[in-house]
Every structure is written in structure tokens, then in C-alpha cells.
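Inside the fold
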Amino acid sequence: MNILYLTTCLPSKKGTGGDIASEHFINALKCNQYRVLVVGYQRKGVPCEPKLDILSVGERYIETKEAKLYPVIWGLNSLIKNLPYSSAKYYSQTYLKKVNNILNDENYDIIILEHSSQLVWLKSIISERYKLIINAQNIENEVYLERIEYTKNSLLRWIYQREIKLAKKAEDELARIAKQTWTLTQHDAEYFIKVVGIENQGKIKRFDLPSSLENLGSSLRKPSFDIGMIGSWTWKPNRDGLKWFFQWVYPHLPDTLSIHIAGRGAEWLQGLYPNVNYRGFVPDARDFMAEAKVIAIPGIRGAGVQIKTLDAVGVGLPIVATPFALRGISNPPATVQVAEDPEQFAQCLMSVVSSPLIQDGQEQAVNWAEQRRVQFISDVAAAVDEFR
């Protein structure tokens, strides 16, 4: 089966959780022996390794805060074309022409369109003869609905209200015309079932995303610090969770505990706390987590599945997480403790740091992660095979 996979940003080692989720789906399709061509932008300044099954449509700034004056252009384009801002930032004639040429040159059985509200403008060149799958990953209009609740700036509120309206229109329209819509959480699945109607609920497929670690389990090295946190802190929901941790959890912790933070976008932590070491981007997330006695995951808002939660489970080390950080992750292993409030979060961290690592618990967590990976690949095959 021949599949054309259209996304915003080509997966890379310096990508976000969304890039990692994309890579999981692409790899699962390949594991099931489907022929896949992936089309998308390169992250600005990040080289793209030449591959026959990956086609770059050029470099693009992904994070708005790093994009210099481009947000002004995207904003104007958004108004002119009546697109969501998050869609206008990816719009280009180059992308449209490349996809059009691809479809003219070769036959494809399935087109998978990722991040539907951001790539809705590609709909104009995708005819009804193609079996269209929407890989939603999250509900974009709800991301902005959440943001509007936490801002008092009148201009930002207007921008978010417009984004909510246009993103919802795009997401709902594409879900109705698609043969399938793929989601990562039960909440998102229920949203799209309401959109397409209960009689079409079979079109909505929910997947349990696996860990992104290539080798599950941690090394046998002795921990070099107490608490570890890792994430893409350039993404506002992740950044909000990190700030929540230091505002509400950190005051309950003794300053004798060593805390290491990895990931881009938390430079503001440098030199702020005597027992906190900000390490920036680390080349190997698994190695970083294996150095910690416990992994803290302070998620408080956002959408989709928290990738680093799954990776931390895959390492097999103890985890303390908020309930929100476990969205889309049912029945986690015993290595995962859920903390309802900041004081409980701190108490759980201190308890783990002072306790020895239990080998049986680590093995259970690794087995849980491996079974989830196998099931994910199988579920992707089952969804695609409905079109045979």
C-alpha cells in the first residue's frame, strides 16, 4: 500500500513532542511494510539527512518566539487568507506545488494529513478519490481555548478567539470528510465522535502512543543527582508546568536535593536556585534520565500525550507526575506515583529519593512499555488495513 504522509515539520532529534509522535506513526507504518513518502518542512538550522522516503519543502521557523519578523508576515497572511495563524505560518506555494507534483507523478492509496488545522489549506489539492486520514495529535482549538483563560491582554484574547473559531472550523470540516481521524487520547476521540456523529464513530481511531526510546530500561550506572526533569520548554504548556513546579513544589523541598533540568527553553533557570542545574538540550534523553533517582513530570495543561512521561516509564525509573501529565496513559506501572497537589508532589519526590530502587518494579515498567509499543504498531496496521 502506497501512503503519502503530509506534516508540518519533518521529525528530527531537536524536535518537539509533536515531531516525536509523527515519527512513531511513520515508523509504525514502515514496520507494517507500507510504502511511505513523508513531506514537510525542515526545522530552521537543523540539517535534514537525505532519504528517498523523506521530501523537504524547505526550511521553516517552527517556534514563533525564534522566528524574528516572520510572525508579522504570518499574521498578515492569516488575515488575508482567513486562516488560523497556526495555519498561515506553514502556508506556502512551494508546499502546494510539491504535493500537486507528487500526486500527478505517482498513485497513492492513502493520504495522511497531520495537524489538520495547520495544514487545512492542502485540502484544495486532495481530491475525493484519495482515502484521507487525519492524524489530529491534539485538538488545536482547545489549546487556544485554554490559553484564553489565562490571559488578560485584550489583543491576545481577540487573537485567541479568532484562532479558536478558525481552528475549530478547519478541524471539524476535515474530520467530516476524512475516512478516518486518528487521536491520542479518549477525550480527543470523544470530541471527534461528536463532530462526525455517533453513527460514524468507527471513523475515529484512538492510539496509545509508545515510548520514543530505542532501548528500553536504564543503565546500571549510579545516580548522579536526585530529581530530573526533561522536556521541550519552548512549548508554553510545558513551560507553565515547569514554572508551576518551582513556584509551588520547590518551596516544600529541602535545598540539599540536587535537581537537573534538560531541554531547550528553560534558560531563565540558570543561576536562579543554588541546587538546580540547567543543562539545556541533551543529545540522549535516556542517558540523562538514567542519571536521576526520580523523574518529576509537573504537567498542568496542554493537549495530546506527554511524550516524556512515556519515555520516563520506558527507562524504568521511579516517576512522580501530576494527574494531567498522565493524560492518554491508562493503567501505568507501579513505578509511577500520581500527586494531586504541590505538597504531595514534594513528599513523593522526597520519599523516592530516600528509598532504594526496586528491581522488580523497574522490570515491570520496561515490560509495560514494550507491550505498549507492540500494541501501537498492531493498532496502526489494523486501522490502515480497513482500506484493503
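Residues numbered from 1 in each chain as written. Predicted model: local features only at pLDDT ≥ 70, side-chain atom pairs only at ≥ 80, totals over all residues. Heavy atoms only, no water.

1. So, the sheet that holds strand E9 (residues 259-262)
Inclusion rule: Strands qualify as paired when DSSP identifies two bridges or more between them. Secondary structure elements follow DSSP: runs of H or I no shorter than four residues count as helices, runs of E no shorter than two count as strands, and numbering proceeds from the N terminus. Orientation is described by lines fitted to C-alpha atoms, with helices fitted over the stretch in contact, and by angles between N-to-C directions that extend from 0 to 180 degrees. It only takes one pair of heavy atoms within 4.5 Å for two residues to be counted as in contact.
Read from one edge of the open sheet, 6 strands run E10-E9-E8-E11-E12-E13, paired in parallel fashion. The open sheet has two free edges, formed respectively by strand E10 (276-280) and strand E13 (336-338), since each of these has just one partner strand. Adjacent strand axes in the sheet meet at a mean angle of 25° when their direction is disregarded. As judged from the 3 bridges shared by strand E11 (residues 292-297) and strand E12 (residues 319-321), these two strands associate in the parallel manner. Bridge pairing links isoleucine 295 to isoleucine 319 in E12. Contacts between helix H10 (residues 307-315) and the sheet are confined to strand E8 (225-230), E11, E12 and E13, with E11 contributing the most and set at about 155° to the helix. Contacts from helix H11 (residues 342-353) reach E8, E11, E12 and E13 within the one sheet, and its direction differs from that of E11 by about 165°.

2. What about unusual backbone geometry?
Which entries qualify depends on this criterion: Using a 1.4 Å probe on the protein chains alone, a residue whose accessible area is under 20% of its type maximum counts as buried, one over 50% counts as exposed, and one in between counts as partly exposed.
Of note, the phi angle at asparagine 82 is positive, near 55°, even though the residue is not glycine. Tracing the chain through its elements places asparagine 82 in the loop between helix H2 (70-81) and helix H3 (85-88). According to the relative accessible area criterion, asparagine 82 is partly exposed, its value standing at 49%. Positive phi, close to 50°, is recorded for asparagine 331, a residue that is not glycine. Residue placement: asparagine 331 occurs in the loop between E12 and E13. Using a relative accessible area of 65% as the deciding quantity, one classes asparagine 331 as exposed.

3. Some remarks on H11
Applied cut-off: One less than the number of residues in a helix, times 1.5 Å, gives the span that helix is expected to have. Two N or O atoms count as a polar contact when they lie within 3.5 Å, although within protein this holds only if one can serve as hydrogen donor and the other as acceptor, and sequence-adjacent residues are included solely when both atoms are side-chain atoms.
The terminal C-alpha atoms of H11 lie 17 Å apart, and with 12 residues this matches the ideal 16 Å at 1.5 Å per residue to within 8%. Of the surrounding elements, those touching the buried residues of H11 are E8, helix H8 (236-249), E11, E12 and E13. The backbone nitrogen of glutamate 343 has a side-chain oxygen 3.2 Å away, supplied by the residue at the start of H11, namely aspartate 341.

4. As for a nonpolar patch on the surface
Threshold: Residues form patches when they are more than 30% accessible in relative terms and have no salt bridge. Like charges link within 9 Å. Nonpolar side chains (Val, Leu, Ile, Met, Phe, Trp, Tyr) link within 5 Å. Note on areas: Shrake-Rupley with a 1.4 Å probe; residue coverage comes only from the protein chains shown. The rule for a salt bridge is simple: a side-chain nitrogen of Lys or Arg has to be within 4 Å of a carboxyl oxygen of Asp or Glu.
Taken together, the side chains of Leu69, Val72, Leu76, Leu79, Ile80, Leu155, Leu156, Trp158 and Ile159 define a hydrophobic patch exposed on the protein surface, amounting to about 950 Å² of accessible area. Mapped onto the fold, leucine 79 is located in helix H2.

5. Details of helix H6 (residues 154-177)
Helix length check: H6 (24 residues) gives 35 Å between terminal C-alpha atoms against 34 Å at 1.5 Å per residue, within 8%. Among the residues of H6, those classed as buried are Tyr160, Arg162, Glu163, Ile164, Leu166, Ala167, Ala170, Glu171, Asp172, Leu174 and Ala175.

6. Regarding the pairing of strand E1 (residues 2-9)
For E1, the tally of buried residues reaches 8 of 8 residues, placing the bulk of the element in the interior. Across 4 bridges, the pairing between E1 and strand E4 (residues 110-114) is parallel. Note that in E4 the partner of leucine 6 across the bridge is leucine 113.

7. Overview of the pairing of E11
Counting buried positions over the 6 residues of E11 gives 5, a clear majority of the element. The pairing of E8 with E11 spans 3 bridges and is parallel. Across the sheet, residue isoleucine 227 finds its bridge partner in E11, namely valine 294.

8. Regarding the packing of aromatic side chains
Rules: Ring geometry is summarised as follows: Phe, Tyr and Trp rings, the Trp one being its six-membered ring, pair when their centres sit within 6.5 Å, and such pairs are stacked at plane angles under 30 degrees, edge-to-face over 60 and tilted between the two.
Applying the stated rule across the entire model yields 22 aromatic pairs. Judged by centre distance (5.5 Å) and plane angle (50°), the rings of tyrosine 61 and tyrosine 70 are tilted. Residue classification places tyrosine 70 among the partly exposed residues on the basis of a relative accessible area of 39%. Linked through ring pairs, Trp244, Phe245, Phe246, Tyr250, Trp268, Tyr273 and Phe345 together constitute an aromatic cluster.

9. With respect to the nonpolar core
Basically, it comes down to this: Definition of nonpolar core: a set of buried residues of the types Ala, Val, Leu, Ile, Met, Phe, Trp, Tyr and Cys, connected through side-chain atoms within 4.5 Å.
Counting 51 residues, the largest nonpolar core has Phe25, Leu29, Trp182 and Met289 as its most contacted members. Here tryptophan 182 is in contact with Phe25, Ile112, Ile133, Ile134, Asn135, Ala136, Gln137, Lys205, Phe207, Val380, Ala383 and Val384, once residues within four sequence places are set aside.

10. Looking at the environment of proline 318
Structurally, proline 318 can be placed in the loop between H10 and E12. Residue proline 318 is classed as buried on the basis of its relative accessible area of 15%. Linking proline 318 and glutamate 291, residues 27 residues apart in sequence, is a C-alpha distance of 12 Å.

11. Details of the pattern of salt bridges
Applying the stated criterion to the full structure yields 16 salt bridges. Aspartate 53 is paired through a salt bridge with lysine 30; the nearest N and O atoms lie 2.5 Å apart. Highlighted residues: aspartate 53 in the loop between strand E2 (35-43) and strand E3 (54-60) and lysine 30 in helix H1 (residues 17-31), separated in sequence by 23 residues. On the basis of relative accessibility, which here comes to 22%, the residue aspartate 53 falls in the partly exposed class.

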